[in-house]
Amino acid sequence: MLSRRLLRVKVTKCLYAHLKSGSDSLKASEKNLVESIDKAYDLYLLMMSLVVDVARYAESRQELARQKKLPTYEDLNPNRRFVDNKVVNLLATSDAVNDALACRKLSWARHADLVKGIYGRMIEADYYKEYMSASICTFTDDRKFVEAFYTSLDDDEALAETLDEMSLMWNDDISFALYMVIRTISNLKQSHTDVKLLPKFKSDDDLDFAKTLLVKSLVQYDDNQELVDKYTQNWDVERIAFMDNLILTIAIAELTTFESIPVKVTLDEWIDIAKHYSSPTSSTFVNGVLDKIVAELTENGRIKKSGRGLL
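What comes next is a walk through the structure. On a predicted model such as this, the values are computed, not experimentally measured, just so you know.

The helix and strand inventory of the protein chain stands at 16 helices and 0 strands. If one aligns the C-alpha atoms of the protein chain with their principal axes, the spans along those axes are about 80 × 40 × 35 Å. For the protein chain, the residues scored as buried account for 45% of the 311 residues in total. The contacts of the protein chain with a sequence gap of at least 6 include a subset with a gap of at least 24, amounting to 81%. Averaged over its 41 positive side-chain charges, the protein chain has a centre that lies 4 Å from the centre of its 49 negative ones.

The subject of this paragraph is the packing of aromatic side chains. Pairs of aromatic rings are described using the distance from one ring centre to the other and the angle between the two planes. Per the stated rule, a full pass over the model turns up 10 aromatic pairs. Members of the aromatic cluster, each reached through a chain of ring pairs, are Phe82, Tyr127, Tyr128, Tyr131 and Phe145. Across the ring face of Trp170, the terminal group of Lys39 is positioned such that the distance to the ring centre comes to 4.5 Å.

Before going further, it helps to spend a moment on the packing of helix α3 (residues 50-66) against helix α9 (residues 139-152). It is the contact of α3 with α9, at a shortest axis distance of 11 Å, that shows an interaxial angle of 105 degrees. By the angle between their axes, α3 is roughly perpendicular relative to α9. Where α3 abuts α9, its residues Leu50, Val51 and Val54 lie against Val146, Phe149 and Tyr150. A class-by-class count of the residues in the contact of α3 with α9 yields 6 nonpolar, no polar and no charged.

Considered for burial, the residues of helix α13 (residues 221-230) that qualify are Tyr221, Asn224, Gln225, Leu227 and Val228. Within α13, the buried residues cover an arc of 155 degrees as seen down the axis, which keeps them to one side. Along α13, the residues that are exposed and aim more than 90 degrees away from the buried face are Asp222, Asp223 and Glu226. Packed against the buried residues of α13 are α1 (4-21), α12 (206-219), α14 (242-257) and α16 (282-299).

What follows concerns a negative patch on the surface. Together, Asp154, Asp155, Glu157, Glu161, Asp164 and Glu165 give the surface a local cluster of negative charge. By the element assignment, Asp155 lies in the loop between α9 and α10 (157-166).

So, on to the side chain of Asp42. One can find Asp42 in helix α2 (residues 26-48). The residues touching Asp42, leaving out its near neighbours within four places in the chain, are Arg104, Leu106 and Trp170.

Next up on the list: the nonpolar core. Grouped together as the largest cluster of nonpolar side chains are 96 residues, with contacts concentrated most on Met47, Leu50, Phe82, Phe149 and Tyr150. Looking at which element gives the most residues to this core, the answer is α2, with 10 residues. What Phe82 contacts, discounting residues up to four positions off in sequence, is Val51, Val54, Ala55, Ala58, Val88, Met122, Tyr128, Tyr131, Met132 and Phe145.

The first and last C-alpha atoms of α16 sit 26 Å apart over 18 residues, in line with the 26 Å expected at 1.5 Å per residue. Within α16, burial applies to Ser282, Ser283, Phe285, Val286, Val289, Leu290, Ile293, Val294, Glu296 and Leu297. Buried residues along α16 cover an arc of 165 degrees about the axis, so they all sit on one side. α16 presents Thr284 and Glu299 as exposed residues on the side facing more than 90 degrees away from its buried surface. Taken together, the buried residues of α16 touch α13, α14 and α15 (263-277). Once α16 finishes, Gly301 follows within two positions and takes phi at roughly 80 degrees, a positive value.

Its location among the elements puts Ser282 in helix α16. A distance of 3.0 Å separates polar atoms of two side chains, one belonging to Ser282 and the other to Ser278.

Parameters at a glance
- Residues numbered from 1 in each chain as written.
- Predicted model: local features only at pLDDT ≥ 70, side-chain atom pairs only at ≥ 80, totals over all residues.
- Heavy atoms only, no water.
- Helix = DSSP H or I, 4+ residues; strand = E, 2+ residues; numbered from the N terminus.
- Buried < 20%, exposed > 50% of the residue type's maximum accessible area, 1.4 Å probe, protein only.
- Contact = heavy atoms within 4.5 Å.
- Lys, Arg positive; Asp, Glu negative; His and termini not counted.
- Charge placed at Lys NZ, Arg CZ, Asp CG, Glu CD.
- Phe/Tyr/Trp six-rings, centres within 6.5 Å; stacked < 30°, edge-to-face > 60°.
- Lys NZ or Arg CZ within 6 Å of the ring centre and 35° of its normal.
- Axes fitted to C-alpha atoms, helices over the stretch in contact; angles between N-to-C directions.
- Parallel < 35°, antiparallel > 145°, perpendicular 65-115°, else oblique.
- Nonpolar A, V, L, I, M, F, W, Y, C, P; charged D, E, K, R; others polar.
- Arc of directions from axis to C-beta.
- Patch = residues over 30% accessible without salt bridge, like charges linked within 9 Å, V, L, I, M, F, W, Y side chains within 5 Å.
- Areas by Shrake-Rupley, 256 points an atom, 1.4 Å probe, with all protein chains shown as cover.
- Salt bridge = Lys/Arg side-chain N within 4 Å of Asp/Glu carboxyl O.
- Core = buried A, V, L, I, M, F, W, Y, C linked by side-chain atoms within 4.5 Å.
- Expected span 1.5 Å × (residues − 1).
- Polar contact = N/O pair within 3.5 Å; in protein donor to acceptor, adjacent residues only side chain to side chain.

Now the structure itself:
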């Protein structure tokens, strides 16, 4: 399922686009947020099928080799361990996966060169060579191989470039999607007759969380920015990244809006997001400013926590 971390990142990007474009339509920005979240789940589904397409390409190469005028022994007796991988075949015949792909019209059909390139890089990888040369192969071995395949894709530049071309909304989503795919694969057992896909959200409240956070961040933006300015007076304004300011204002909105989310959770999340989506020193800067802001908001009674938020 899509994590709260990803939802926070989606809100940040949506708010960034809203402010930079000069948009005055809250409804349009909220619609863009929901579409972006839906597209992230689409990427998870699309990635689920990639290993199947690579296996089909591998099988087509073996079939072409058999049709040579003078085929070798290896051509006539290829190593089919990858092609016959039980987990790959379970994915290929999964009604859950195929129905979801068909419903959303998702496929790699127009990206044969990418599939071919991934196959070429895969067969040169150590995890592939070890798998193909092992003396025995169990369902667990098949599953671990598929997990290794998807793990290797996190640094695949060609895949990242292709996804950017397919949808601008998939920028930076690949790691989240791969995590979800690997988690799905790790839950598979030999007795399974279908693949149990992860739900889009862990909780029914998750989409409301994202939409509310966006709305509150926009409505409170000027007031929250004034609070940020108060605690950054001694900083060179030109050296404070716009993204740092944006993250701080959203963090304030979250702190003052969601009573059930502990302060520590909010701080940890936004400090870590600053580390990955702003400058190298942003996490330290955001941490220091947020500590002061939390102290003031707590003193003024603007931060109110109940239930789990008290922990």
